[in-house]
Amino acid sequence: MRRAHIAVLAGSVIAAVAMVATSAQATEQHRDDAVTAAFAKTTRSTAWQQVQKIPLRFPTYHPQGFALVGDKIFMSTVEIIERPVPYPQPVDGYDRTPGKGVGHVLVLDRQGNLLKDVQLGQGTVYHPGGIDFDGESVWVPVAEYRPNSQAIVYRLDPQTYQVTEAFRVADHIGGVVRDRVSGKVHGVSWGSRTEYSWTPNGQQLSKQANPDHLVDYQDCDYSGWQKQICSGITGLPRSDGGSYELGGLALLDLQDNRILHEIPFPKFSTAGHVVTRNPVALEVAGDKLRLFAAPDDDEEVAGTELLVYEAPIG
């Protein structure tokens, strides 16, 4: 009887140890990555310092989104040939003409040199939005340059630059992010007022109003565990009749779209734009949180410049 009791006790101890190990493993798997943890510690008082300003000496058009892939920077941008013109009255549900243009993803090294120009889009679908790298492919939405329109979501191989159509959406999609855990693709509409999720082949899983009314998300990147960091801009009126660009960054839970952390970003470019106007990407470098941005178009005062900011972590 005593031996049986000892055997049962030993079995219980082994089971308990196994449960603790499994729990620890699950906790480790669900732990936030370095960028998520660092960004969650930022505040409106965080001391961001500009450490680089690199002129991009090639046509950059109107930059939209960034994805960091090793030592390469993928930048989506739209070449506008003919701007959309507002209709006096809506035509077929549209408030403006489609315009004409060409969608590009420009591949840069970290010194600001152009390595590759990949063209995407089809017909009136020529406006790339915010992009994301899921570890295998760069996901790029290309939409008509008008709200309530249509979009094609592409996958771009960062090694071969081969482009594959993933799916189409009956709305303007201004940015996408691939959840590396669930595999879902998340996206935002014109002005990021609507949030979507789809399977990788385009089956719509959810559609809801964006609970964030502070900024319109322009570019979002995956930030584990199952989160995304979005950057954006809102135009606000000034007392003199002019306008002011408010920029900000937000951390969202991809499982339910809750806003977990949000800060303003009061830094401005050479052309006077808020830094989070369009492409933004974050990484951790040692004890610093590093932010890349390219807020200015190539037709503006100094052209497009790759701006790099750093802030101490914690």
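This text follows the structure it describes.
A brief report on the enclosed structure follows. Here the structure is a predicted model, which means the values were calculated and not measured.

Here we look at the overall build of the protein
Then comes step 1: Regarding its fold elements, the protein presents two helices and 23 strands.
Then comes step 2: If one aligns the C-alpha atoms of the protein with their principal axes, the spans along those axes are about 90 × 45 × 45 Å.
Then comes step 3: The 314 residues of the protein split such that 50% are buried.
Then comes step 4: A separation threshold of at least 6 residues defines the contact pool for the protein, and within that pool the share at least 24 residues apart is 52%.

Comments concerning the layout of surface pockets
Then comes step 1: Counted as a void, the largest pocket has a volume near 560 Å³.
Then comes step 2: Around the largest pocket sit 25 residues that line it, and His62, Gln64, Tyr145, Trp190 and Gln218 are the ones nearest its centre.
Then comes step 3: Broken down by secondary-structure element, the contributors of at least two residues to the lining of the largest pocket are strand E2 (62-69), strand E8 (127-128), strand E14 (185-189), strand E17 (216-223) and strand E18 (227-237).
Then comes step 4: For the lining of the largest pocket, the per-class residue count stands at seven nonpolar, 13 polar and five charged.
Then comes step 5: Considered as a void within the structure, the second largest pocket measures approximately 350 Å³ in volume.
Then comes step 6: Along the walls of the second largest pocket sit 19 residues, with Leu68, Arg180, Asp221, Tyr222 and Leu282 positioned nearest its centre.
Then comes step 7: Sorting the residues of the lining of the second largest pocket by element identifies E2, strand E9 (132-133), E17, E18 and strand E21 (280-285) as the ones contributing at least two each.
Then comes step 8: Among the residues making up the lining of the second largest pocket, the classes are represented as 11 nonpolar, two polar and six charged.

Considering the packing of aromatic side chains
Then comes step 1: Across all of its chains, the model carries eight aromatic pairs by this definition.
Then comes step 2: Both rings, one in Tyr126 and one in Tyr145, keep their centres 6.5 Å apart while their planes meet at 85°; by these two values the pair is edge-to-face. One end of the pair, Tyr126, is in the loop between strand E7 (114-120) and E8; the other, Tyr145, is in the loop between strand E10 (138-143) and strand E11 (151-156), with 19 residues separating them in the sequence.
Then comes step 3: Here Tyr126 falls in the buried class, since its relative accessible area comes to 2%.
Then comes step 4: The exposure class assigned to Tyr145 is buried, which follows from its relative accessible area of 16%.
Then comes step 5: Each ring, one from Phe265 and one from Tyr309, has its centre 5.8 Å from the other, and the planes form 90°; the classification is edge-to-face. Within this pair, whereas Phe265 is found in the loop between strand E20 (259-264) and E21, its partner Tyr309 is found in strand E23 (residues 305-312), the two being separated by 44 residues in sequence. The same class applies to Phe265 as to Tyr309, namely buried.

Re the sheet that holds strand E19 (residues 243-253)
Then comes step 1: Across the sheet, four strands lie side by side as E17-E18-E19-E20; this open sheet has antiparallel pairing. Edge positions in the sheet fall to E17 and E20, since each has one partner strand and no second. For this sheet, the mean inter-axis angle between neighbouring strands, taken without regard to orientation, is 20°.

Definitions and cut-offs
Residues numbered from 1 in each chain as written. Predicted model: local features only at pLDDT ≥ 70, side-chain atom pairs only at ≥ 80, totals over all residues. Heavy atoms only, no water. Helix = DSSP H or I, 4+ residues; strand = E, 2+ residues; numbered from the N terminus. Buried < 20%, exposed > 50% of the residue type's maximum accessible area, 1.4 Å probe, protein only. Contact = heavy atoms within 4.5 Å. 1 Å grid on protein atoms, 1.4 Å probe; cavity = no way out; pocket = protein on both sides within 12 Å on 5 of 7 lines; lining within 4 Å. Points joined across faces, edges and corners; volume = space filled by probe spheres on them. Nonpolar A, V, L, I, M, F, W, Y, C, P; charged D, E, K, R; others polar. Phe/Tyr/Trp six-rings, centres within 6.5 Å; stacked < 30°, edge-to-face > 60°. Pairing = 2+ DSSP bridges. Axes fitted to C-alpha atoms, helices over the stretch in contact; angles between N-to-C directions.

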